[in-house]
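As a plain string of letters, each chain reads:
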Amino acid sequence: MSEVADGLERKLEGMLEIEKFEPSAEYRDGALWTDPAIYEEAAADPVAWWTARAKELLDWDVEPTTGLDDSNPPFYRWFEDGRLNASHNCLDRHVAAGLGDRVAYHWRGEEGERRDVTYAELLDSTQRFANALKDLGVKKGDVVGIYLPMIPEVAVAMLACARIGAIHNVVFGGFSAESVRERMEFSEAKVLITVDGARRKGRTAPIKQQVDEQMGDLGSLGKIVVVRATGTACPMTEGRDVFYDEACAAAAAECPAEPMEAEHPLFILYTSGSTAKPKGIVHTTGGYLTGVTTTHRHVFDLRPEEDVWWCAADVGWVTGHSYIVYGPLSNGATSVMWEGAPDHPHQGIWWELVQDHGVTILYAAPTAIRTFIKWGAEIPGRYDLSSLRLLGSVGEPINPKAWLWYHQVIGGGRCPIVDTWWQTETGAIMITPLPGITATKPGSATTPFPGVSADVVDERSGEPVAEGQGLLVLEKPWPSMLRTLYKEDERFVETYFSRFGKERYLVGDAARKDGDGYLWVIGRIDDVVNVSGHRLSTAEVESAIVAHESVAEAAVIGQSDPDTGQAICAFVTLAGGVEPTEELVEGIRAEVATRIGKFARPKRVIWADDLPKTRSGKIMRRLLRDIAEGRALGDVTTLRDPGVMAELERQIAAEGDED
Ligand code: 7RM
């Protein structure tokens, strides 16, 4: 360790003792919200408070006269009689206000390209593409798939859908074409928007070709639009496939934004749950836009005229939907959009981007921060990061050491950190500090946003715990909550509103409440694994592994990992007569990459002659977690064959020998 690194290490160790970080006086004095009375004001009448935000921050074609309709729980509805268009709120209203020349996105490509896209340009492209979609037969209520990398066209595609009332279904670019097919099939998408090729770290993946291999016989999908992003040669099917630029050139320039009912679905986003089948989270227009606009403005203390905002997520996850596209654009902010990876072309690229664009607010995942810690503080140290004034964290619990490093090394000790807890289902940030008000504690997302009520309840009785551990619940409906699971109303009720009734939303996370009422989110209680902030179900990965011809059975767990938070660990039973080899491990990993995506590949494969099961045949993942982490085994008395565990222990010892 260098002397500098050693000094930093000692400083951070010392800071672990600090319990609370108060907002600095300079920061507080300039912040938008500085009066804690906002919490009481919102709590006194949350529906009225949210309705006021909806009217204050959004431009309605018809202002709502109603707040919350809770006549049929848990199918809550918000601002029912209001009408608005999300694309109008993100584009037209800013251009009409004279802000057309403001940059919406400073886009930066992997090969050093720069594209500044203004609000006026984004509006033009969106109108043309909305017309192109209409020309292809897309109507209000139709589902349109989007499978694009981080290029400005991804925002254009989403906003064009919103403009005409089509429901977008974005699939993260890291998912495989097979996953895309599945999501197109479940949602009966009519059109898919994709690219010829996508770049990643200097290589180009032939996306359109991969899509074609999967999509051939999907009846509902009538058209595929191809953005020419890399110039990669790609097969085009006559009558089905069109190039984006050609479709736009042929389309009319003007497409007025159509006012939508507040409850009109804006998008579906598939996310992982307890079973192998992903859940299609449905968000609607008015409530979602209210949630993301309010939180983006107030959690990040945003001043759209001067801030440069960078959410370093991918648009394919909810964080990108809410805080790269809808929140920032609705607020008229200027964002950085980065196409690539954090280590290409070099490990300092993020800090180079912060310096070049004068980024003032950075929103990132703890897994990225841990990676930067590993690469060393000297790398960000080479850049001027003095433009930063606020830092955000999202996606998983941030360990106090990483929080302090982020605070000191990136934030220069002057930037508050907002650790924001939320989910695909919640649409917007739910638990978070307010940077001008809340004293933060490293590792805690602190308290619910105004108008949100969260609590920790006893897992059996459902009674609130005064202090200590239990299950996290959200007590009252909020505008940006999911409305249902696409075409699966029953599963929606069963998943979120059966355990504690229809009035309380079951989050699926365990949490702890401390003596100050601060919340500490611990992690999932279901079989959802969080790898680098990517949400995966163990069942999904298991079903990909058993698809391998040599595998008889598989059980997957999330194992704690210093870099990725959790990593996939798979216990695999091979088919009779098959011998375990290194090639098989690679074959299994390749199978998972094809069926789900590379990010879901198991980091560790443990061969198991048999798996620990209950008498009714359920795999006891709890025991697998214990054994993988090297902990003492919990209760084994309910096992059908207790000998299985001894055998697994031998196997794991042997794994150690090979290293
Ligand atoms: C935004 C997002 C949701 C799950 C959630 C938690 C975990 C997210 C935090 C966090 C601790 C945080 N949506 N999670 N943020 N845990 N502190 N600040 O990540 O649907 O993909 O995942 O992520 O377990 O339930 S998500």
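As a reminder, the structure under discussion sits directly above these lines.
All of these numbers come straight from a predicted model, not from anything done at the bench.

Visitor: How should I be thinking about the overall build of the chain in this particular structure?
Guide: When helices and strands are counted, the chain shows 21 helices and 29 strands. Radius of gyration (C-alpha) of the chain: 25 Å, near the 26 Å computed for a compact globule of 659 residues. Considered along the principal axes of its C-alpha atoms, the chain spans approximately 70 × 65 × 60 Å. Buried residues in the chain amount to 61% of all 659 residues. Of the roughly 25,000 Å² that the chain leaves accessible, carbon and sulfur atoms contribute 48%. Charge centroids of the chain, computed over 67 positive and 101 negative side chains, lie 1 Å from each other.

Visitor: So what exactly am I meant to see when it comes to the site of the ligand here?
Guide: The ligand sits among 17 residues. The nearest are Asp-419, Thr-420, Thr-424, Arg-524 and Arg-535. In this structure, Gly-395 approaches the ligand through a main-chain N or O atom, which is 3.1 Å from a nitrogen atom. Between a nitrogen atom of the ligand and a main-chain N or O atom of Glu-396, the distance comes to 3.4 Å. Coverage of the ligand by the protein chains reaches 95% of its 530 Å² of free accessible surface. For the shell around the ligand, the elements supplying multiple residues, two or more each, are helix 12 (318–330), strand 20 (417–420) and strand 24 (519–524). A class-by-class count of the residues in the shell around the ligand yields six nonpolar, six polar and five charged.

Visitor: Help me understand the sheet that holds strand 21 (residues 454–457), please; the structure alone is not making it clear to me.
Guide: Whether parallel or antiparallel, the strands of a sheet pair through hydrogen bonds between backbone atoms. Spatial ordering of the open sheet is given by 21-22-23-24, a layout of four strands whose pairing is antiparallel. For this open sheet the edge positions go to strand 21 and strand 24, each flanked by a neighbour on one side alone. On average, adjacent strands in this sheet sit at an angle of 45° to one another, irrespective of strand direction. Note that strand 21 and strand 22 (residues 468–474) share four bridges and pair antiparallel. Each bridged residue has a counterpart across the sheet, and for Asp-455 the counterpart in strand 22 is Val-473.

Visitor: I'm lost on the pairing of strand 15 (residues 279–284) in this one. Help?
Guide: Successive residues of a regular strand alternate their side chains across the two faces of the sheet. Counting buried positions along strand 15 yields six of six residues, so the element is predominantly enclosed. Of the two faces of strand 15, the one lined by Lys-279, Ile-281 and His-283 and the one lined by Gly-280, Val-282 and Thr-284 are each fully buried. Direction of pairing for strand 14 (residues 265–271) relative to strand 15: antiparallel, over a ladder of six bridges. Following the sheet pairing, Tyr-270 is matched in strand 15 by Gly-280.

Visitor: What is the right way to look at the packing of aromatic side chains in this model?
Guide: The geometry of two aromatic rings is summed up by the distance between their centres and the angle between their planes. Inspection of every chain in the model, using the stated rule, returns 36 aromatic pairs. Between Phe-492 and Tyr-496, the ring centres sit 6.0 Å apart and the planes meet at 55°, which makes this aromatic pair tilted. Of the two residues, Phe-492 and Tyr-496 are both situated in helix 17 (residues 489–497); the distance of four residues between them amounts to about one turn of the helix. Judged on exposure class, the residue Phe-492 and its partner Tyr-496 are both buried. An aromatic cluster of at least three residues, connected via ring pairs, comprises Phe-75, Trp-478, Phe-492, Tyr-496, Phe-497 and Tyr-505. Sitting over the face of the ring of Phe-186, Lys-277 holds its NZ or CZ atom 4.5 Å from the ring centroid.

Visitor: Any chance you could explain the sheet that holds strand 14 here in plain terms?
Guide: Across the sheet, which stays open at both edges, the seven strands sit in the order 12-11-8-6-7-14-15 with mixed pairing between neighbours. In this open sheet, the two edge strands, each paired with only one partner strand, are strand 12 (241–243) and strand 15. The mean inter-strand angle of the sheet, taken between neighbouring strand axes irrespective of direction, is 25°.

Visitor: Would you take a moment to explain helix 5 (residues 86–99) for this structure?
Guide: Note on helix geometry: an α-helix contains 3.6 residues per turn, so any two residues three or four positions apart are oriented the same way. The sharpest bend along helix 5 measures roughly 35° and falls at Asp-92. Buried within helix 5 are the following residues: Ala-86, Ser-87, His-88, Asn-89, Cys-90, Leu-91, Asp-92, Arg-93 and His-94. By the N-cap criterion, in which a side-chain oxygen at the helix start approaches the backbone nitrogen of a residue two or three places on, helix 5 is capped by Asn-85, the distance to Ser-87 being 2.7 Å.

Visitor: Help me understand the packing of helix 14 (residues 366–375) against helix 16 (residues 400–410), please; the structure alone is not making it clear to me.
Guide: Helix packing for two helices is described by the angle between their axes and how far apart those axes are. Close contact between helix 14 and helix 16 brings their axes to 10 Å; oriented N to C, the two are set at 75°. One element, helix 14, and the other, helix 16, form an angle in the roughly perpendicular class. Taking contact as the criterion, the partners of Ile-369, Arg-370, Phe-372 and Ile-373 in helix 14 are, on helix 16, Ala-402, Trp-405 and Tyr-406. Considering only residue class, the contact of helix 14 with helix 16 consists of six nonpolar, no polar and one charged.

Visitor: Got a minute to help me understand helix 9 (residues 207–215) in this structure?
Guide: Taken together, the buried positions of helix 9 are Ile-207, Lys-208, Val-211, Asp-212 and Met-215. For helix 9, the buried positions fall inside an angular range of 135° around the axis, keeping them on one side. On its buried face, helix 9 is in contact with helix 8 (177–187), strand 8 (191–195), strand 9 (198–200), strand 10 (203–205), strand 11 (223–227) and strand 12.

Visitor: Looking at this structure, how should I read the nonpolar core?
Guide: Most often, soluble globular proteins keep nonpolar side chains buried together rather than apart. In terms of nonpolar packing, the biggest core is built from 161 residues, with Phe-129, Ile-193, Phe-300, Val-325, Tyr-326, Leu-472 and Ile-545 touching the most fellow members. Excluding residues that lie within four positions of it along the chain, Val-325 makes contacts with Tyr-105, Ala-155, Met-158, Leu-159, Val-315 and Gly-320. Listed in part, the 35 residues of the second largest apolar core include Leu-8, Met-15, Phe-372 and Trp-405.

Parameters at a glance
Residues numbered from 1 in each chain as written. Predicted model: local features only at pLDDT ≥ 70, side-chain atom pairs only at ≥ 80, totals over all residues. Heavy atoms only, no water. Helix = DSSP H or I, 4+ residues; strand = E, 2+ residues; numbered from the N terminus. Rg over C-alpha atoms; globule rule 2.2 N^0.38 Å. Buried < 20%, exposed > 50% of the residue type's maximum accessible area, 1.4 Å probe, protein only. Areas by Shrake-Rupley, 256 points an atom, 1.4 Å probe, with all protein chains shown as cover. Lys, Arg positive; Asp, Glu negative; His and termini not counted. Charge placed at Lys NZ, Arg CZ, Asp CG, Glu CD. Near = heavy atom within 4 Å. Polar contact = N/O pair within 3.5 Å; in protein donor to acceptor, adjacent residues only side chain to side chain. Nonpolar A, V, L, I, M, F, W, Y, C, P; charged D, E, K, R; others polar. Pairing = 2+ DSSP bridges. Axes fitted to C-alpha atoms, helices over the stretch in contact; angles between N-to-C directions. Phe/Tyr/Trp six-rings, centres within 6.5 Å; stacked < 30°, edge-to-face > 60°. Lys NZ or Arg CZ within 6 Å of the ring centre and 35° of its normal. Bend = angle between axes of the 7 residues up to and from the residue. Parallel < 35°, antiparallel > 145°, perpendicular 65-115°, else oblique. Contact = heavy atoms within 4.5 Å. Arc of directions from axis to C-beta. Core = buried A, V, L, I, M, F, W, Y, C linked by side-chain atoms within 4.5 Å.

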